Amino acid sequence: MSNVLVLVDHAAGKVRKTTAELLTIARRLGEPVAVFVGEGVQDALPALGQYGATKVIALSNPELSQFLVAPKAEALQQVAAKVEPSAILISSNAEGKEIAARLAVKLDSGLITDAVDVQAGDSAGPVTTQSVFAGNYTVKSKVTHGTPIITVKPNAATPEAAETSPEVEEFDVSISDAAKTARITESKPREATGRPELTEAAIIVSGGRGTGGDFGPVEAFADSLGAAVGASRAAVDSGWYPHAYQVGQTGKTVSPQLYVAAGISGAIQHRAGMQTSKTIVAVNKDPEAPIFELVDFGVVGDLHKVLPTATEEVTKRKA
Amino acid sequence: MKIVVCAKFVPDATADRRFRSEDNTVDRAGVDGLLSELDEYAVETALTVKESGDGEVTILTVGPEQAADAVKKGLQMGADAGVHVVDDAIHGSDAVATSLILSKALAKLDADLVVFGMGSTDGGMGVVPAMVSERLGLPAVTLGSEVTVDGQTVRIRRDGDTASETIEGTLPLVLSVSDQANEPRYPSFKGIMAAKKKPVETWSLADLELTADQVGGSSAWTEVVEVTARPPRSAGTIVTDEDGSGAAELVEFLSTNKFL
């Protein structure tokens, strides 16, 4: 079977759920080979083995973390030259997409981003599914030239365990001076909220203009459900909630099991980011708000009254 | 300083967007189009850099005849000149091919600072800035939410998922900005009138020493094999809150659907 490279997404050795999803997808296409960049490969090993990595290639050159994405793309190019993979899978986040973009140019290969599903297809290579035009269309695509490079969105697959005991192979990469021209000079970690990651959460509660700037009821309801908190562009532009939590075309695209839109009218900008959610619920004072066209269940009412009462009831039932 | 904004002409997101049935490419000809909203932030950044020092701002676009409107919008906002790369053979180009065309044009323009928006509002891949940087061998600082140009150094703040980072590079350089970077200006009446006299050049593939077989649908490295319109969502239940009834019904819905 052919090798399929998976770039491991991790924080200091703690493997993100998306990596388990990528390894699960990789097993449909061939033998998953994990590429681990940075410190902490031994900490990551159990998780990588659990989801079927047959080998782990570790790259620990410190220059890989100091300078943005260009060195990582160079490193992957060198790994690809040795492993000759039939496909390369990378998480579809800002860094992953840029690495993939550079790699596509380096390897003369076609690139597909933001896949929500990847299947083996026929001998012509993997077939991807993407959701486009604000979720109004679903397209299936394939790469027709070179090594298929595919960035995959969170929740594209349900992680399935397939225990292996992969060996770690240290791999020396040489980074060119040209790749070291954009440098990270300062990094301030974001404060942890204790809530699930927006793009990975099963339930999201989002607030918009209707909150009037008070996200308290939205956060409380989210916490009662164990949900992540999101915000519309209107709320972010008003400075009520940080941009990192924005759901929509210029923020995150999410596809949770349940999406609750509170005080969000449902402009195209916002729909683009949440339209593919499984179940959609809205609370809005305006019965004419376009968000009600999308919902499975809607409450016409003031979120400042509805959410606190609902939070109390949810907490009571869960107790 | 020669500042070039790479701008894309896209179908209007608030109108009906569709695919051409014959080749599964985005229909750009039969629909209303405009400068991608996210590229307005790039134009604004370029104009601000120019106004705080010296420089000349050129709007560069690749696209069909109508794409000239994207250049015009940039000129109305205050850019100095425009370049429109148009050639029948470009139709169907994917991101890899588009980055090749842009790179050739940027080299010909001898750009010091190349500015992109964070992604287009149609394809939305957001990969072309990195590809252009790779092809031109220039540093890239991307997704800036705050941009400072200090002599030869370009510094941005990028608000990522796990950290807020300061990133810097030296000119010549590729920059992309997010929709948090600024508030794009509206063209003034004076700006709209002045735009009519600004120079716009039209280049073909031959002007960039490219051939038809290097770009376009036939040499794209990805292929859309199937397009399906998303079925409309079936109408849901809407209730009106009266003295707490809304909350009760909401929780009942969540319970019935096993979300509690």
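- Per an unreviewed UniProt entry, chain B carries the name Electron transfer flavoprotein subunit beta and comes from Kribbella pratensis.
- In its Function (unreviewed entry) section, the UniProt entry covering chain B states "The electron transfer flavoprotein serves as a specific electron acceptor for other dehydrogenases. It transfers the electrons to the main respiratory chain via ETF-ubiquinone oxidoreductase (ETF dehydrogenase)."
- Here chain B is described in UniProt, under the heading Sequence similarities (unreviewed entry), as follows: "Belongs to the ETF beta-subunit/FixA family."

- If you check an unreviewed UniProt entry, chain A appears there as Electron transfer flavoprotein alpha subunit apoprotein from Kribbella pratensis.
- One UniProt comment on chain A, placed under Function (unreviewed entry), says "The electron transfer flavoprotein serves as a specific electron acceptor for other dehydrogenases. It transfers the electrons to the main respiratory chain via ETF-ubiquinone oxidoreductase (ETF dehydrogenase)."
- Of chain A, the UniProt comment under Subunit (unreviewed entry) reads exactly: "Heterodimer of an alpha and a beta subunit."

### Observations concerning the overall build of chain A
Point 1. Scanning chain A from terminus to terminus reveals nine helices and 18 strands.
Point 2. With the C-alpha coordinates aligned to their principal axes, the bounding extent of chain A is approximately 60 × 45 × 40 Å.
Point 3. For chain A, buried positions account for 57% of its 319 residues.
Point 4. Computed over 29 positive and 36 negative side-chain charges, the inter-centroid distance for chain A is 4 Å.

### Some details on the pattern of salt bridges
Point 1. Throughout the structure, instances matching the rule amount to 36 salt bridges over all chains.
Point 2. A:R16 is the salt-bridge partner of A:D9, the closest N and O atoms lying 2.9 Å from each other.
Point 3. Taking relative accessible area as the criterion, A:R16 reaches 23% and is therefore assigned partly exposed.
Point 4. For B:R20, the salt bridge goes to B:E22, with nearest N and O atoms at 3.4 Å.
Point 5. The partly exposed category is assigned to B:R20, whose relative accessible area is 27%.
Point 6. Among the residues examined, B:E22 registers a relative accessible area of 58% and is labelled exposed.
Point 7. A single network of salt bridges, built from pairs that share partners, joins A:R233, A:D237, B:E37 and B:D179.

### Looking at the interface of chain B and chain A
Point 1. Tallying the contact residues gives 72 residues for chain B and 81 residues for chain A.
Point 2. Across the chain B to chain A interface the summed buried area is about 6,600 Å²; carbon plus sulfur atoms make up 59%.
Point 3. Taken together, the connections running from chain B to chain A amount to seven salt bridges.
Point 4. Inspection of the region where chain B meets chain A yields 35 residue pairs in polar contact (both at pLDDT 80 or more).
Point 5. Contributions of two or more residues to the side of chain B that touches chain A are made by helix 1 (37-52), helix 4 (128-136), strand 7 (140-144), strand 9 (153-159), strand 10 (163-170), strand 13 (222-229), strand 14 (237-240) and helix 6 (245-256) of chain B.
Point 6. When residues in the side of chain B that touches chain A are grouped by element, the largest group, nine residues, is from helix 6 of chain B.
Point 7. The residue inventory of the side of chain B that touches chain A, partitioned by class, reads 33 nonpolar, 20 polar and 19 charged.

### Observations regarding the sheet that holds strand 17 (residues 279-284) of chain A
Point 1. Spatially, six strands are ordered 15(A)-14(A)-16(A)-17(A)-18(A)-14(B) in an open sheet, and the strand pairing comes out parallel. This sheet does not close on itself; its edge strands, each paired only once, are strand 15 (228-231) of chain A together with strand 14 of chain B. Recorded for the sheet is a direction-independent mean angle of 15° between the axes of neighbouring strands.
Point 2. Where strand 14 (residues 203-207) of chain A meets strand 16 (residues 258-262) of chain A, five bridges bridge the pair, whose relative direction is parallel. By the bridge assignment, A:S206 is partnered in strand 16 of chain A with A:A261.
Point 3. Running over the sheet, helix 6 (residues 216-225) of chain A touches strand 14, strand 15 and strand 16 of chain A and is turned about 175° from strand 14 of chain A.
Point 4. Strands strand 16, strand 17 and strand 18 (297-300) of chain A together with strand 14 of chain B of the sheet are contacted by helix 6 of chain B, whose axis makes an angle of about 170° with strand 18 of chain A.

### Regarding the UniProt feature "domain: Electron transfer flavoprotein alpha/beta-subunit N-terminal" (unreviewed entry) in chain B
Point 1. Mapped onto the present numbering, the UniProt feature "domain: Electron transfer flavoprotein alpha/beta-subunit N-terminal" (unreviewed entry) falls on residues 23-212 of chain B.
Point 2. Overall, residues 23-212 of chain B shows 30% helix and 28% strand. The separation of its end C-alpha atoms is 17 Å.

### Overview of the packing of helix 9 (residues 303-318) of chain A against helix 6 of chain B
Point 1. Running from N to C, helix 9 of chain A and helix 6 of chain B point in directions that differ by 45°, and their axes come no closer than 8 Å. Classified by the angle their axes make, helix 9 of chain A and helix 6 of chain B are oblique. For the pair helix 9 of chain A and helix 6 of chain B, the crossing hand works out as right-handed. Together, A:V306, A:T309, A:A310, A:E313, A:V314 and A:R317 of helix 9 of chain A and B:G246, B:A247, B:L250, B:V251, B:E252 and B:S255 of helix 6 of chain B make up the contact between the two elements.
Point 2. Considered class by class, the residues forming the contact of helix 9 of chain A with helix 6 of chain B number six nonpolar, three polar and three charged.

### Digging into the domain arrangement of chain A
All names here are of chain A.
Point 1. Here chain A is described as being made up of domain 1 (3-179) and domain 2 (203-318).
Point 2. At the junction of the two partners, domain 1 supplies six residues and domain 2 supplies seven residues.
Point 3. In this assembly, domain 1 packs against domain 2 so that about 420 Å² is buried in total across both faces, 53% of it on carbon and sulfur atoms.
Point 4. Linking domain 1 with domain 2 are zero salt bridges.
Point 5. Put simply, domain 1 and domain 2 have one residue pair in polar contact (both at pLDDT 80 or more) between them.
Point 6. Of the residues belonging to the side of domain 1 that touches domain 2, the class tally is one nonpolar, four polar and one charged.

### Observations regarding the sheet that holds strand 8 (residues 117-119) of chain A
Point 1. Reading across the sheet, the four strands line up as 8(A)-9(A)-10(A)-13(B) and stay open at both edges, with antiparallel pairing between neighbours. Whereas interior strands pair on both sides, the edge strands pair on one side only; in this sheet they are strand 8 of chain A together with strand 13 of chain B. Geometrically, the sheet is characterised by an average inter-axis angle of 25° between neighbouring strands, direction not taken into account.
Point 2. Bridging between strand 8 of chain A and strand 9 (residues 127-132) of chain A involves three bridges; their strand directions are antiparallel. Of the residues in strand 9 of chain A, the one forming a bridge with A:V118 is A:T128.

Conventions we followed
- Residues numbered from 1 in each chain as written.
- Chains lettered and ligands numbered in written order.
- Predicted model: local features only at pLDDT ≥ 70, side-chain atom pairs only at ≥ 80, totals over all residues.
- Heavy atoms only, no water.
- UniProt positions renumbered as here; feature names shortened; annotations may be inferred.
- Helix = DSSP H or I, 4+ residues; strand = E, 2+ residues; numbered from the N terminus.
- Buried < 20%, exposed > 50% of the residue type's maximum accessible area, 1.4 Å probe, protein only.
- Lys, Arg positive; Asp, Glu negative; His and termini not counted.
- Charge placed at Lys NZ, Arg CZ, Asp CG, Glu CD.
- Salt bridge = Lys/Arg side-chain N within 4 Å of Asp/Glu carboxyl O.
- Contact = heavy atoms within 4.5 Å.
- Buried area = accessible area lost by both parts, 1.4 Å probe.
- Polar contact = N/O pair within 3.5 Å; in protein donor to acceptor, adjacent residues only side chain to side chain.
- Nonpolar A, V, L, I, M, F, W, Y, C, P; charged D, E, K, R; others polar.
- Pairing = 2+ DSSP bridges.
- Axes fitted to C-alpha atoms, helices over the stretch in contact; angles between N-to-C directions.
- Parallel < 35°, antiparallel > 145°, perpendicular 65-115°, else oblique.
- Left-handed = near helix turned anticlockwise from the far one by under 90°.
- Domains from an automatic or database assignment.

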